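Take a look at the letters that make up each chain.
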Protein chains: 2
Amino acid sequence: MTAGLPEANPGLDWLDASGPHADIAIATRVRLARNLEGRRYGSLAEADDREQIFAEAARAVHRACRPREATLLELAELPRRSQRILLERRLASQELIGGRAPEAGAGVAICPGGSLSVMINEEDHLRMQCIMSGLRLADSLRLASGLDDELGEMLPLAWHPEFGFLTSCPTNAGTGLRASVLLHLPGLVLTREIAGTLRAITQVGLTTRGLFGEGSEFVGNFFQISNQTTLGRSEEDLVDHLDRTVLTVIAKEREARKVLMRDAGTITEDKVWRAYGLLRYARTLDYEEMMNLLSGLRLGISLRILPTPSFYALNRIMIFTQTAHLEASAASAIPPEERKVRRAVRIRRILREER
Amino acid sequence: MTAGLPEANPGLDWLDASGPHADIAIATRVRLARNLEGRRYGSLAEADDREQIFAEAARAVHRACRPREATLLELAELPRRSQRILLERRLASQELIGGRAPEAGAGVAICPGGSLSVMINEEDHLRMQCIMSGLRLADSLRLASGLDDELGEMLPLAWHPEFGFLTSCPTNAGTGLRASVLLHLPGLVLTREIAGTLRAITQVGLTTRGLFGEGSEFVGNFFQISNQTTLGRSEEDLVDHLDRTVLTVIAKEREARKVLMRDAGTITEDKVWRAYGLLRYARTLDYEEMMNLLSGLRLGISLRILPTPSFYALNRIMIFTQTAHLEASAASAIPPEERKVRRAVRIRRILREER
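All residue numbers refer to positions counted from 1 along the written sequence of the respective chain. As they are written, the chains are lettered A onward and the ligands numbered 1 onward, keeping that order. Owing to the predicted nature of the model, reporting of local features is limited to residues with pLDDT of at least 70; listing and counting of side-chain atom pairs is limited to 80 or more, with chain, interface and lining totals taken over all residues. By convention in this description, side-chain values take in all heavy atoms of the structure and omit both hydrogens and water.

Draft legend 1. Seen up close, the interface of chain A and chain B. Residue-level contacts link 16 residues of chain A with 16 residues of chain B. As a working definition, buried area equals the accessible area (1.4 Å probe) given up by two parts on being put together, with both sides summed. Between chain A and chain B, the buried area comes to about 1,500 Å², and carbon and sulfur atoms account for 63% of it. The partner of Glu289(A) in a salt bridge is Arg274(B), and the shortest N-O contact between them spans 2.8 Å. Any pair of nitrogen or oxygen atoms within 3.5 Å is treated as a polar contact; in protein, a donor-acceptor pairing is required on top of that, and neighbouring residues in sequence qualify only through side-chain atoms on both sides. The interface formed by chain A and chain B contains 10 residue pairs in polar contact (both at pLDDT 80 or more). In this text, helices come from DSSP runs of H or I with a minimum length of four residues, and strands from runs of E with a minimum of two, each type numbered from the N-terminal end. When residues of the side of chain A that touches chain B are assigned to their parent elements, the largest contribution, 10 residues, is made by helix H7 (residues 235-281) of chain A. Note that Gly is not counted as nonpolar here; it falls among the polar residues with everything else outside the nonpolar set of Ala, Val, Leu, Ile, Met, Phe, Trp, Tyr, Cys and Pro and the charged set of Asp, Glu, Lys and Arg. When grouped by side-chain class, the residues that make up the side of chain A that touches chain B number 7 nonpolar, 3 polar and 6 charged. Between two residues, a contact is recorded if the distance between any of their heavy atoms is within 4.5 Å. Whenever a carboxyl oxygen of Asp or Glu lies within 4 Å of a side-chain nitrogen of Lys or Arg, that contact is scored as a salt bridge.

Encoded structure:
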């Protein structure tokens with residue numbers, strides 16, 4: 001489907017919604033930032049340095065995955081659209097693909113199995129990440145740490161006895177860990193408890209962001225919760241603290257949904273079914289409206305108001321209706337109005353497969 | 001279905017959308033106002049007078065319909081809900097059923113065949129009306145006049161050589177004729193040509209009203225066009241003038257729809273399909289929202305954007321989701337919020353029958 005990406009959907013295992021609490025916790029992500037000793041970081045690194053780092057890192061990931069085959073992508077060799085597809089799948093960052101083109105040596109290595117990948121020459125030399133369905137922080141950390149250990153045996157990782165792992169930006173130093181969970185919280189939004197909940201999350205030292213990272217709006221009632229500090233505590237501690245907080249938020253969300261069904265059952269059912277009707281029949285949909293309608297559907301399936309579609313279908317819609325994905329199946333650039341039409345076509349196709 | 005109404009749907013033949021231009025011209029109505037000589041009119045009439053008039057008129061309609069059976073309804077003998085059902089079917093007027101209860105002798109006689117009926121002791125002693133699907137003014141006038149002739153042979157109708165038929169309100173004197181056509185004009189509304197069109201209609205001596213009579217809003221893009229004068233011209237002239245004007249409006253509406261599809265095809269298709277999705281899946285709908293969504297559907301079927309439902313289904317939805325009709329099938333009064341839920345259920349049932 002995607003030019004330059006050999007597997008069908010590498011790195012998208014989390015779409016299957018198989019993890020615990022996957023009706024509310026869409027995905028767990030654990031990221032470890034590492035750098036190679038004696039090499040220049042970030043903007044100080046020359047093209048030569050970066051290309052050497054890419055070659056070494058790719059080779060190390062390749063070996064770590066054996067006997068299975070890793071997907072090694074040097075971004076500059078991919079069509080721009082494939083780079084943007086990696087971005088839309090959260091396998092590459094905006095910084096990695098660059099404003100107009102990626103810098104030399106920027107790359108992505110995707111491990112077979114679908115959860116683990118590595119961004120190479122992003123802000124740090126290596127950013128390993130593990131993305132899993134549902135709330136699976138400990139598992140994600142275990143997988144990411146396993147890869148970290150293997151790469152650490154092959155590559156000289158920069159580490160300081162006092163500060164821990166050294167990173168390009170000091171806020172990431174120490175564990176180099178960023179763990180986050182993407183939550184769908186329509187119950188807390190509709191019962192107006194969300195502001196208090198977000199405040200409480202901040203007070204325990206965690207941060208909240210929208211679907212598209214820092215400063216983004218809370219489109220579709222999606223909220224990312226993640227750790228802020230990376231220094232002075234163990235990875236396990238950081239992840240455990242996040243895990244307990246997320247479990248509390250999930251419990252509050254379930255409670256809010258009960259209240260919603262008890263006090264506004266008809267309104268909620270109406271909202272859910274209308275969202276289904278519009279997604280199934282609209283002929284033009286912008287991404288934001290679609291995300292808000294998907295939120296209604298996700299709530300409806302979770303509350304068993306609707307029998308179908310599956311969470312898997314909802315996750316696929318969320319990813320495959322983004323601009324670069326739509327353009328990849330059209331095999332050409334699409335003007336914005338036409339994009340909304342193709343998005344509606346794609347949604348109908350996915351929903352039809354489910355009936 | 002309706003307590004006190006012997007036939008299933010007497011007087012609702014027009015629902016079948018079988019008439020010419022029925023995609024735009026929902027229904028044609030011709031009404032003839034008549035009074036009995038030597039009897040007091042309207043507010044001057046005592047209960048005794050009115051009851052005698054009901055008995056005489058009912059007997060005359062009964063004879064005129066033979067050998068088939070007319071439906072003769074004295075409103076005071078019907079449950080209030082059945083009176084309101086007659087109102088919702090336009091077979092009785094608000095004046096006839098009264099604010100709290102009908103006055104003595106108020107009644108409706110419905111001829112077998114489904115087009116002709118007579119309101120008895122409304123503003124005038126007799127108001128014959130013929131309602132037909134589509135644009136069928138000449139046919140409706142012919143049927144109403146036929147009944148008028150037959151009743152005129154049995155009853156002494158008040159007639160003045162100079163003024164023609166005498167009526168309670170002088171504006172109806174002469175022919176006693178009111179002819180009107182209910183038009184669905186979304187094309188002219190969406191292309192913003194409607195204001196000019198309505199102005200032109202007024203300039204040729206006709207009046208325009210909403211679905212629910214004088215002063216009502218233009219809910220669902222429905223417009224009633226009717227004659228204003230009843231005196232000094234023949235019935236045929238009045239009806240012919242209206243007929244030609246309506247044909248012009250229908251042609252303009254068809255032209256506007258072409259422009260719409262040419263210049264805003266996607267937006268129009270989207271509007272139509274969204275209306276279908278909402279009507280099919282919403283769990284609560286108020287009458288006005290429903291009428292606006294039905295307008296989208298009607299346009300979509302007319303333009304062959306949608307294959308189903310039929311105009312018949314749309315007409316049934318329009319009539320059978322009104323309050324008294326909903327209460328009749330629930331066999332009890334329904335609070336407003338619950339009514340919206342039952343309306344949505346009824347709509348889904350009718351749409352399901354069509355698939």
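Draft legend 2. Structural context of empty space enclosed by the protein. Residues and elements named next belong to chain A. Grid spacing is 1 Å over the protein atoms alone, the probe is 1.4 Å, and a cavity is where that probe fits but cannot get out, while a pocket is an open set with protein on both sides within 12 Å along at least five of seven lines and lining residues have an atom within 4 Å of a point. Grid points are joined across faces, edges and corners, and a volume is the space filled by probe spheres set on the points. Going through the model one piece at a time under the given rule, you end up with 2 cavities of 30 Å³ or more. A volume near 210 Å³ is recorded for the largest cavity. Taken together, 13 residues form the lining of the largest cavity, with Trp14, Ala27, Arg90, Leu182 and Leu211 sitting closest to its centre. Elements with a minimum of two residues in the lining of the largest cavity: strand S1 (25-34), strand S8 (177-184) and helix H9 (311-320). It is S1 that contributes the most residues to the lining of the largest cavity, 3 residues altogether. In terms of residue class, the lining of the largest cavity is made up of 8 nonpolar, 3 polar and 2 charged.

Draft legend 3. Expanded view of the pattern of salt bridges. Overall, the coordinates contain 38 salt bridges over all chains when judged by the stated rule. Where Arg254(B) meets Asp23(B), a salt bridge forms, and the shortest distance between an N and an O atom there is 2.9 Å. Of this pair, Arg254(B) sits in helix H7 (residues 235-281) while Asp23(B) sits in the segment before strand S1 (25-34), placing them 231 residues apart in sequence. Classification of residues uses two cut-offs on accessible area relative to the type maximum, computed with a 1.4 Å probe and protein chains only: under 20% is buried, over 50% is exposed, and between them is partly exposed. Residue class for Arg254(B) comes out partly exposed when judged on its relative accessible area of 30%. Taking the relative accessible area as the measure of exposure, Asp23(B) reaches 13% and is therefore buried. Taking the shortest distance from any N to any O, the salt bridge between Arg127(B) and Asp124(B) comes out at 3.1 Å. When salt bridges with common partners are traced through the structure, they connect Glu122(A), Glu123(A), Asp124(A) and Arg127(A) into a single cluster.

Draft legend 4. Fine view of the environment of Arg80(B). All names here are of chain B. Secondary-structure assignment places Arg80 in helix H2 (residues 80-88). Placed 20 residues apart in sequence, Arg80 and Arg100 show a C-alpha to C-alpha distance of 8.8 Å. Those residues in contact with Arg80 that sit more than four places away from it in its chain are Ile97, Gly98, Gly99, Arg100, Ala101 and Pro102. Separated by 2.8 Å, the side chain of Arg80 and the backbone oxygen of Ile97 make a polar contact.

Draft legend 5. Summary view of the domain arrangement of chain A. Residue and element names in this part refer to chain A. Segmentation of the chain into domains, including their bounds, is taken from an automatic or database domain assignment. For chain A, the assigned domains read domain 1 (13-257) and domain 2 (264-354). The distance between the C-alpha centroids of domain 1 and domain 2 comes to 26 Å. Listed as interface residues are 24 residues of domain 1 and, on the opposing side, 26 residues of domain 2. Between domain 1 and domain 2, a total of about 2,200 Å² is buried, with carbon and sulfur atoms accounting for 66% of that surface. By the criterion of area lost to domain 2, the three top residues of domain 1 are Leu15, Arg81 and Glu88, representing 29% of everything that side buries. Our count for the contact surface shared by domain 1 and domain 2 stands at 2 salt bridges. Between Arg81 and Glu327 there is a salt bridge, with its nearest N and O atoms 3.8 Å apart.

Draft legend 6. Highlighting the side chain of Arg283(A). Looking at where Arg283(A) falls in the secondary structure, it is placed in the loop between H7 and helix H8 (287-302). The buried charged residue Arg283(A) lacks any salt bridge partner; its closest oppositely charged side chain belongs to Glu269(B), at an N-O distance of 5.2 Å. A polar contact is formed between the side chain of Arg283(A) and the backbone oxygen of Tyr281(A), at a distance of 2.9 Å. For Arg283(A), the residues in contact, after removing those within four places along its chain, are Lys340(A), Val341(A), Ala344(A), Arg348(A), Glu269(B), Asp270(B) and Trp273(B). In this count, Lys and Arg are taken as positive residues and Asp and Glu as negative ones, while His and the chain termini are left out.

Draft legend 7. Summary view of the packing of helix H2 (residues 80-88) of chain A against helix H10 (residues 323-330) of chain A. Residue and element names in this part refer to chain A. At their nearest, the axes of H2 and H10 sit 8 Å apart, and the two run at 140 degrees to each other. Judged by the angle between their axes, H2 and H10 are oblique. Seen from above, H2 lies across H10 with left-handed handedness. Contact with H2, carried on its side by Arg81, Arg84, Ile85 and Glu88, involves Thr323, Ala324, His325, Glu327 and Ala328 of H10 and no other residues of that element. Each residue belonging to the contact of H2 with H10 can be placed in one class, and the counts come to 3 nonpolar, 2 polar and 4 charged. Axes, fitted as lines to C-alpha atoms, cover a helix only where it is in contact. Angles between the N-to-C directions of the axes lie from 0 to 180 degrees. The labels follow the angle: roughly parallel below 35 degrees, roughly antiparallel above 145, roughly perpendicular from 65 to 115, and oblique for the rest. By definition, turning the near helix anticlockwise from the far helix through less than a right angle yields a left-handed crossing, and turning it clockwise yields a right-handed one.

Draft legend 8. Molecular detail of the relation of the copies chain A and chain B. After a rotation of 180 degrees and a shift along the axis of 0.0 Å, chain A superposes on chain B with an RMSD of 0.0 Å. The superposition of one copy onto the other is thereby described by a two-fold rotation axis. Proximity to the rotation axis, assessed at the C-alpha, singles out Gly277(A) in chain A; its C-alpha lies 2.0 Å from the axis. The share of interface residues of chain A whose copies in chain B are also at the interface is 100%, consistent with both copies meeting through the same surface. Least-squares fitting of one copy onto the other uses the C-alpha atoms of those residues that reach a pLDDT of at least 70 in both copies.

Draft legend 9. Representation of the packing of aromatic side chains in the model. Here is the rule: rings of Phe, Tyr and Trp (six-membered ring for Trp) pair when centre to centre is within 6.5 Å. Planes less than 30 degrees apart are stacked, more than 60 are edge-to-face, and the remainder are tilted. Applying the stated criterion to the full structure yields 7 aromatic pairs over all chains. Taken together, a centroid distance of 4.9 Å and an interplanar angle of 75 degrees make the contact between Tyr276(A) and Tyr281(B) edge-to-face. In this pair, Tyr276(A) sits in helix H7 while Tyr281(B) sits in helix H7, so the two residues belong to two different chains. The class of Tyr276(A) is buried, set by a relative accessible area of 6%. On the basis of relative accessibility, which here comes to 8%, the residue Tyr281(B) falls in the buried class. For the pair Tyr281(A) and Tyr281(B), a centre-to-centre distance of 6.5 Å together with 25 degrees between the ring planes defines the contact as stacked. Residue Tyr281(A) is located in helix H7, and its partner Tyr281(B) is located in helix H7; the two belong to separate chains. Of the two residues, Tyr281(A) and Tyr281(B), both sit in the buried class. Clustering of aromatic rings is evident, with ring pairs tying together Trp273(A), Tyr276(A), Tyr281(A), Trp273(B), Tyr276(B) and Tyr281(B). Comment: the charge-over-ring label is applied if NZ (Lys) or CZ (Arg) is within 6 Å of the ring centre and within 35 degrees of the ring normal. Above the face of the Phe165(A) ring, Arg34(A) is positioned so that its terminal group lies 3.6 Å from the ring centre.

Draft legend 10. Representation of the pairing of strand S10 (residues 222-227) of chain A in the model. Residue and element names in this part refer to chain A. Counting buried positions along S10 yields 6 of 6 residues, so the element is predominantly enclosed. Here S10 shows a buried face lined by Phe222, Gln224 and Ser226 and a second buried face lined by Phe223, Ile225 and Asn227. Paired strands, as defined in this entry, are two strands with at least two bridges between them according to DSSP. As paired elements, S8 and S10 share 5 bridges and run antiparallel to each other. Note on S10: the bridge partner recorded for His184 is Phe222. When strand S9 (residues 206-209) meets S10, the two strands line up antiparallel, connected through 4 bridges. By the bridge assignment, Arg209 is partnered in S10 with Gln224.

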